[in-house]
Amino acid sequence: MSFSPDASLKPSEPAVATPGQQIMRRLTRPAGVIGATLTLALICVGLLAPFLAPTDPRAIDGPSLSPPTASHPMGTDALGRDVLSGVIYGARTSLITVSGVGLLVFLIGITVGIVSGYRGGWLDDVLMRGTEALQVLPRFFLALVVVAYFGPGTDRLVIVLGLTSWPLLARVVRSQTLSLRRRDFIEAARTQGASGYRIVVHELWPNLLPTVFTLMGLLTAQVLLIEASLGFLGLSDPDAVSLGYLASEGQRFLRVAWWLAAFPGLAILVAVLGLNLLADSAGDATLRA
Amino acid sequence: MLRRGSALVVSAVLLVSCSTTEGTPQPAADSPVQGGTLVAAISADPGQLNPAITTSGDVHTASELMYNGLVSLTPDREPVGELAESWDVEDNGALYRFHLREGVTWHDGEPFTSADVKFSFEKVLLKYHSRTAASVGQALESISTPDERTVEFRFKEPYAPFPLQLDVTEAPIIPEHIYAGTDPLENPANLEPVGTGPFAFESYKPGAEIRLVRNPDYFIDGQPLLDEVVLRVIPDAESQVIALEAGEVDWLFGVPGADLARLEEDGGFEFLRTNVNPGGSNCIMTVSFNLEKPVFQDVRTRRAVATAINSQQFVDRVLFGQGKVAEAPISSGIDFAHADDLSGMPTYDKQAAEDLLDAAGWIRQGDGTRVAQGVQGIPDGTPLSFGFTLFTSFAAYGDLFKAQLADVGIDVELDPQEPDIFAETVFVDRDFDSNIISYCNGADPEIGVKRMYVSSTIGPVPFSNAAAYSNPMVDSLFDQARTTVDPGERGEVYRQIQEILVEDLPYFWVVETEATRVYSSRCGGFSQAGHFAEAAYCRQ
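The structure displayed is predicted, hence computed values, not measured ones.

**Remarks on the overall build of chain A**
Alright, step 1. When helices and strands are tallied, chain A shows 13 helices and zero strands.
Alright, step 2. Order of helices (α) and strands (β) in chain A, N terminus to C terminus: α-α-α-α-α-α-α-α-α-α-α-α-α.
Alright, step 3. If one aligns the C-alpha atoms of chain A with their principal axes, the spans along those axes are about 75 × 45 × 30 Å.
Alright, step 4. Residue burial in chain A is summarised as follows: out of 289 residues, 49% are buried.
Alright, step 5. Sequence separation of at least 24 residues holds for 73% of the intrachain contacts in chain A that already meet a minimum separation of 6.
Alright, step 6. Averaging the coordinates of the 21 positive side-chain charges in chain A and doing the same for the 19 negative ones gives two points 7 Å apart.

If you want it as structure tokens, here you go:
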């Protein structure tokens, strides 16, 4: 995809909406509404898991391998645990991972991108070479190595993914900043004596927002998939419930208990789809407005 | 005491065979035919095919059909002659004299003699076969060969379990004329084996398949019936089941419990339940308590954990009926030593477990967890929580263990590890609180039970005394059992040992596992042990 800030950045003309308004407008279209709803659902389910889940996801609560019934809407697994509770707590684990990684990526990516693009010079060179070095690391395998070396755990997963997922964001933010800093409205602010901080926060940032929003959506969707994949390979925190782990457990019983793999798999699909749709519609905003 | 071994060789004996289509007789099952090919699925590439230099189950599964032991074991774990026709026991069990079978030849035509037996033991088995080296190796004084057909084993003291350790799993005999003067670990014959067994080597494609052909000169008349056995590597259990249903393979060494029920309903397959595997027999899933950790110092805490475990649930939900609740420290498969009526053996009782924890000083809080109040070696207020280390493949055991203990207020932190890392963590670093291990007892307690309890086996050897249990009384009773020859008296000694063990509870014995072989109903005549296809046949 290509970013063409020129089309969207005319803050001085009142007829054109601000970038934030553009995002909101896009989100009210069908794809945006669906994406926002699904993402909001993921966040709500994750936050309210203890209240929503019928039982403790680890408790032996019913018969072994019971198909979906009124008391267990998503059935039970081989040990007799409620799959619905597992899916809800799995969504919570996914949400925790995605938020943690998202926060790290956001902070590092934005800082590196803006500093590099706005300051330029030797600092830009140093930061960009470092970013490139990180960008060529295969993230999934790095995560595998960390899990193999330090044992599985949500905390180290967040750290390793957070510390390696930001280069794309940083590079795009940098290129946006590079093109924006020579634009008239920034120059105007500068000639009026605005401080660097003020220019970045009040002039630059609002115009970076749509791009950042889009990339964050795509990145978090990727992180969610990596988290699920690690769980599927049995490398998630064994004391936390993970959607990927549930799906892989279900795979062993695929031909006798379809519900074990189907519901966690569906939950992963829905969460990733939601984040992608959301990111996509925000991306449209930057491209077409 | 003088005892004559029976010269009878086990012919196709089905231990427990249950037909799926009850009432409809399977024509294949009672009319053996000559010829045909059997395709069996194996779970892993063996890497090499010499069973004498390893106890690896993968190697033994793939290679045992090509070799023989001096004896074979009946389904009741009784030794009967194989390469040995008969044997005498003298000096109260300190001297074994084996009379070897006449006219046995290696697959390359060379005659089999007593020198092969002496060579196999002295140069290979007692060095590289870990179980045989650890048990027979420590007790043996010398091996002599008075003539080509006779071999004598002299022990330092009477050694009762010896005949049970001579089958193709514990002591396969390999050819001296091929291995003499070479490094047995590097000999090219490890990839192109020459044995005496019912099937001879044909080809080996690493990671794909091993082909064996009928040995026309096999020393048992009329065996084998099959022209060819193909061992195909299919790592994933689910894919193995699919291959069986598609007719691509005829035999599986094991099948996941959930699929078993489905295959039984579908029909077209036969089943053979057994507690014997090439890697070991009479296996018990056993929880070890690390007795070096403060939390497990108090036997009441260990007893509380054991009492909170609902073993039947493990049988039903983890094993899907492929096993049974362990009733004693020694497996029910070792009949003379198994003591199933010990009053001290913990059984599931949630209230009793709660009471024991209260008594041990672990007091329930408002949120359901327990914290220490006056527990020796643990600061007051410490929550009751400990780690549980396990093979990644045993994840279901861990999940159920965690859920059952949470019910009485114990928090368990699961720590799944790959097998080689597990061995390092538990036996070398001793960095664990509790764990679960499949301890295979073998045909005799001397083989697989003793290593768990005697103080001399605390240390870095994998799958030895994980609990670091040390009790001089138990040590001396195991010594006594080793040198007692009369099975009745030995059984009494093992009973005394088990009485102490269920009081001390260094371990808790959860379930005895079984495997279920599944095969196409057009085949039949299988047996449970290493020579599973010796008398098998398949109608084309």
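**Notes on empty space enclosed by the protein**
Alright, step 1. Counted by the stated rule, this structure contains five cavities of 30 Å³ or more.
Alright, step 2. Its volume calculated, the largest cavity comes out at about 290 Å³.
Alright, step 3. Taken together, 23 residues make up the lining of the largest cavity; nearest its centre are Asp77, Arg81, Leu246 and Glu249 of chain A together with Asp399 of chain B.
Alright, step 4. Every element with two or more residues in the lining of the largest cavity is listed here: helix H5 (83-119) and helix H12 (243-251) of chain A together with helix H8 (311-318) and helix H10 (395-406) of chain B.
Alright, step 5. At four residues, H12 of chain A tops the list of elements feeding residues into the lining of the largest cavity.
Alright, step 6. In terms of residue class, the lining of the largest cavity is built from 13 nonpolar, two polar and eight charged.

**A short note on the confidence of the model for chain B**
All names here are of chain B.
Alright, step 1. When pLDDT is averaged across chain B, the result is 88; 94% of the residues are at 70 or more.
Alright, step 2. By mean pLDDT, strand S1 (residues 17-19) is the weakest element of chain B at 34, and helix H7 (residues 299-308) is the strongest at 97.
Alright, step 3. Overall fold confidence (pTM) sits at 0.80, and the ipTM for the predicted complex is 0.78.

Conventions we followed
Residues numbered from 1 in each chain as written. Chains lettered and ligands numbered in written order. Predicted model: local features only at pLDDT ≥ 70, side-chain atom pairs only at ≥ 80, totals over all residues. Heavy atoms only, no water. Helix = DSSP H or I, 4+ residues; strand = E, 2+ residues; numbered from the N terminus. Buried < 20%, exposed > 50% of the residue type's maximum accessible area, 1.4 Å probe, protein only. Contact = heavy atoms within 4.5 Å. Lys, Arg positive; Asp, Glu negative; His and termini not counted. Charge placed at Lys NZ, Arg CZ, Asp CG, Glu CD. 1 Å grid on protein atoms, 1.4 Å probe; cavity = no way out; pocket = protein on both sides within 12 Å on 5 of 7 lines; lining within 4 Å. Points joined across faces, edges and corners; volume = space filled by probe spheres on them. Nonpolar A, V, L, I, M, F, W, Y, C, P; charged D, E, K, R; others polar. pLDDT = per-residue confidence, 0-100.

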